[in-house]
Amino acid sequence: MLSIKNLHASVEGKEILKGINLEIKAGEVHAIMGPNGSGKSTLSQVLAGNEAFEITSGEVTLNGDNLLDLATEERAREGIFLAFQYPVEIPGVSNLQFLRTAVNAMRKHRGEEEMNAAEFMKLAKEVSRQVDLDPAFLKRGVNEGFSGGEKKRNEIMQALLLQPKLAILDETDSGLDIDALQVVSNGVNALRAEDRAILMVTHYQRLLNHIVPDYVHVLAGGKIVKSGGRELALELEERGYGWLGIKDEDTSN
Amino acid sequence: MATTDKEVKELIKREYEHGFVTEIESDTFEPGLNEDVIRRLSELKQEPEFMLEWRLKAYRRWLEMDEPEWAHVDFPKVDYNSISYYSAPKRPEDMPQSLDEVDPELLRTYEKLGIPLHERAKLAGVAVDAVFDSVSVATTFKEPLEKAGVIFCPISEAVQKYPELVKKYLGSVVPAGDNYFAALNSAVFSDGSFVYIPKGVRCPMELSTYFRINAANTGQFERTLIIAEEGSYVSYLEGCTAPMRDENQLHAAVVELVILDDAQIKYSTVQNWYPGDENGKGGIYNFVTKRAACIGKNAKVSWTQVETGSAITWKYPSCVLRGDNSVGEFYSVALTHNYQQADTGTKMIHLGKNTKSTIISKGISAGRSSNAYRGLVKFGPGADGARNFTQCDSLLIGDRCGAHTFPYIESKNKSAIVEHEATTSKVSDEQMFLCRQRGIDPEQAVSMIVNGFCKEVFKELPMEFAVEAGKLLEVSLEGSVG
């Protein structure tokens, strides 16, 4: 589904990604781990099309099509979804309006009829319950005054609504207490499907106890330095990043 | 605003009845302003003597006044002698005969605004037209209005039919010599709306007017006077549009509201005068004086405005809170784009006891525009227990525009309370990225973010107006991204 070949990217002239290679097939769940500053978040932002990053070389294809040629919103409509690490607030725009606009943009792209307010309300209420968000949240401004945990649940709710082909979850576990982590993980597990891939970016192993990945990759210094199965994450938890020759200022959880 | 063909025909007939088109069809004044021009204007309008005297007095005051230069706007001096101060309404056969003859760009805008086809034709000045749509509303709802005793007519008609009311209230809120543009308006005003709500009457419907500027039409100097007698209520809506012209046009209107004991006026404006093109060519100079006088106890006035038009805006709808416990409100959205300049805000003059005022101002700047809020909150010595709350928010789109806030507070009463909050924010790259990542077009994203920013003001507008205002912002913001 997603194929990344020798991807280099920089921000403000500083190279962050230094040759990423990664193949993700439909139905798979991949976890990318690594110390702070290794380029994990940059990779997710670059795939989603954040224009703050410059792609200096390499190739990314989604089902054979060149992803890098597409604008951010076009990538989204082709099925790339990014759950943000720090979701931004949009004051005065209700969650409901925002989500319906997004869902209808996707539907329009697929040649489907747009959903009216009543139809959408029904759908949104159902999905909000899946991540244990009170439907009253739908009426509040996008991320306005949400707690950290509410923001993360809101992100997963959006993934459930938009049903992407590739969901990229950027540090979705950060700042969550154990109950919230469980709720978010349930939401992510509900996303797992044969025709969908999930790419999780995380600093900590604990998320992977809840969402069990098929593959684990270690990113350091802008490159994937080691790949393995689920057991690699457990080994990292036990031994830290040091044994891979990586310095990390923060591996505690 | 639904108007059937029959009603439109009636409307034209009314115009003819007023002696407008038939008698003066070839009458367009030569550019220039002097006492003779005013005399001719007054004569054409068959005005009583007092009106002419009033105009001449205003003109003489105007001659002694200087154009205000304190506003945060910059434009070449207006040559007042190059303007024609009276132009007869066009004869129907001189107007575009169908929408095919109308500028397609203008039609595209109307379409986006969701204005019905026959309404678009009217706005574009096709064949049948009247300067003020209020006439058609008055026609449509003539019976219920008459039954309630409400007077709603062109001010030129009121001058003849209700001279006592006009004499008593015209200039009572905005005196002829109030400021440069008000003086000019008082001397040469062409027409406008007159509304009178009798004691204890709740106007049975919202009164609405569409103002239009056509190069050769009247309307550049309208004058509106609304009187709400004791315990009455009226909601008045005005919409303004102007066709595109390469030359700048002057629009100097005056609006006066008089509110007596326990009465309320809600005045809503959606202003979309032509703002000039993307290079700053053309557009309306909108120099307007709007003021409400709450002269009675417990009187209340709300100004709600959504302004996206005009090349230059100089406008401060104000409330004079004379009656004890009277309330003034100002809710404003002002959007500037390209090379537009706006210096706008309000004045809340607290004179009576326990008077309250609220100011919510939302300024949005895009392109290379400049958007300034200027507001005065003043407490007189007798304004015991008066209070004001001001919230003034600016939103910037891009990095070539400007936003400024000039709040003035003057208090001569120690018990008065003022609260002032101000914020400046940008449509951030992060917000745009979030929207686009969810598949939303950049232009739609900006429009959504801006609409969210304006929500507190939009909720004050009557429903259909709120929808129109939202769409208007969307159209006005076109090309503001990238």
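(A) Main features of the overall build of chain B. Helix and strand counts for chain B come out as 15 helices and 19 strands. When the 482 residues of chain B are sorted by exposure, 63% land in the buried category. The long-range fraction of contacts in chain B, counting pairs at least 24 apart against all pairs at least 6 apart in sequence, stands at 85%. For chain B, the computed accessible surface area is about 18,900 Å², with 49% contributed by carbon and sulfur atoms.

(B) Looking closely at the pattern of salt bridges. Residue and element names in this part refer to chain A. Here the structure, examined in full by the defined rule, presents 26 salt bridges over all chains. As a salt-bridge pair, Glu171 and Lys40 come within 3.7 Å of each other at their nearest N and O atoms. Within this pair, whereas Glu171 is found in the loop between strand E9 (166-170) and helix H6 (178-191), its partner Lys40 is found in helix H1 (residues 40-48), the two being separated by 131 residues in sequence.

(C) Spotlight on the environment of Glu143(B). Assignment of secondary structure puts Glu143(B) in helix H8 (residues 142-148). Along the chain, Glu143(B) and Pro154(B) lie 11 residues apart, while their C-alpha atoms are 17 Å from each other.

(D) Fine view of the side chain of Ser326(B). Residue and element names in this part refer to chain B. Checked against the element boundaries, Ser326 lands in the loop between strand E12 (318-321) and strand E13 (327-336). Judged by relative accessible area, which is 0%, Ser326 ranks as buried. There is a polar contact of 2.7 Å between the side chain of Ser326 and the backbone oxygen of Gly323.

(E) Quick peek at the packing of aromatic side chains. All names here are of chain B. Applying the stated criterion across every chain yields a total of 19 aromatic pairs over all chains. Centre to centre, the rings of Phe181 and Trp314 are 5.1 Å apart; their planes meet at 70 degrees, and the pair counts as edge-to-face. In this pair, Phe181 sits in helix H11 (residues 180-188) while Trp314 sits in strand E11 (residues 312-315), placing the two residues 133 residues apart along the sequence. For Phe181, a relative accessible area of 2% corresponds to the buried category. A connected cluster of aromatic rings, assembled from ring pairs, spans Tyr59, Trp62, Trp70, Phe75, Tyr80, Tyr180, Phe181, Tyr285, Phe287, Trp314 and Tyr316. Taking NZ or CZ as reference, Arg202 lies 4.1 Å from the ring centre of Tyr233, over its face. The ring of Phe453 has Lys362 sitting right over it, with the charged end atom 4.9 Å from the ring centre.

(F) View of the sheet that holds strand E4 (residues 54-62) of chain A. Residue and element names in this part refer to chain A. In spatial order, the strands read E2-E1-E4-E5; together these four strands make up an open sheet with antiparallel pairing. In the strand order of this sheet, the two ends are held by strand E2 (14-24) and strand E5 (65-66), each with one partner. Pairing of strand E1 (residues 2-11) with E4 involves seven bridges; the strand directions are antiparallel. Among the inter-strand pairings, Ile4 is bridged to a residue of E4, identified as Val60. Strand contacts of H1: E1, E2 and E4, with the helix running at about 110 degrees to E1, the strand carrying the most contacts.

(G) Main features of the nonpolar core. Leu2(A), Ile4(A), Phe98(A), Met200(A), Ile364(B) and Val450(B) are the most contacted members of the largest nonpolar core, which totals 113 residues. If we skip the residues at most four places from it in the chain, Ile4(A) touches Ile20(A), Asn21(A), Leu22(A), Leu43(A), Leu47(A), Glu59(A) and Val60(A). If you look at the next biggest cluster of nonpolar residues, it comprises 36 residues, including Ala228(B), Val234(B), Val255(B) and Cys294(B).

So, how was this worked out
- Along each chain, residues carry numbers from 1 onward, in the same order as the chain's sequence is written.
- All chains are assigned letters beginning with A, and all ligands numbers beginning with 1, in the order in which they are written.
- For a predicted model such as this one, the threshold for reporting local features is a pLDDT of at least 70, and the threshold for listing and counting side-chain atom pairs is 80 or more; totals across whole chains, interfaces and linings nevertheless cover every residue.
- Based on all heavy atoms of the structure, the side-chain values leave hydrogens and waters out of the count.
- In DSSP terms, a helix is any run of H or I states spanning at least four residues, a strand is any run of E spanning at least two, and both are numbered starting from the N terminus.
- Summary of the burial criterion: residues with accessible area below 20% of their type's maximum are buried, those above 50% are exposed, and those between are partly exposed, where the area comes from a 1.4 Å probe applied to protein chains only.
- Residues count as neighbours in contact if any of their non-hydrogen atoms are within 4.5 Å of one another.
- Throughout, the Shrake-Rupley method with a 1.4 Å probe supplies accessible areas, and for residues the shown protein chains are the sole cover considered.
- Whenever Lys or Arg places a side-chain nitrogen within 4 Å of a carboxyl oxygen from Asp or Glu, that contact is recorded as a salt bridge.
- Under the rule applied, a polar contact is a pair of N or O atoms within 3.5 Å (in protein, one hydrogen donor and one hydrogen acceptor; residues adjacent in sequence only if both atoms are side-chain atoms).
- Side-chain rings of Phe, Tyr and Trp, where Trp is taken by its six-membered ring, are said to pair if the distance between their centres is within 6.5 Å; with planes under 30 degrees apart they count as stacked, over 60 as edge-to-face, and otherwise as tilted.
- Our definition puts a charge over a ring when NZ of Lys or CZ of Arg is within 6 Å of the ring centre and also within 35 degrees of the ring normal.
- Strand pairing is assigned whenever DSSP detects at least two bridges linking the two strands.
- All axes are obtained by fitting lines to C-alpha atoms, using only the stretch in contact for helices, and the reported angles, taken between N-to-C directions, cover 0 to 180 degrees.
- Residues grouped as a nonpolar core are buried Ala, Val, Leu, Ile, Met, Phe, Trp, Tyr and Cys residues, joined through side-chain atoms within 4.5 Å.

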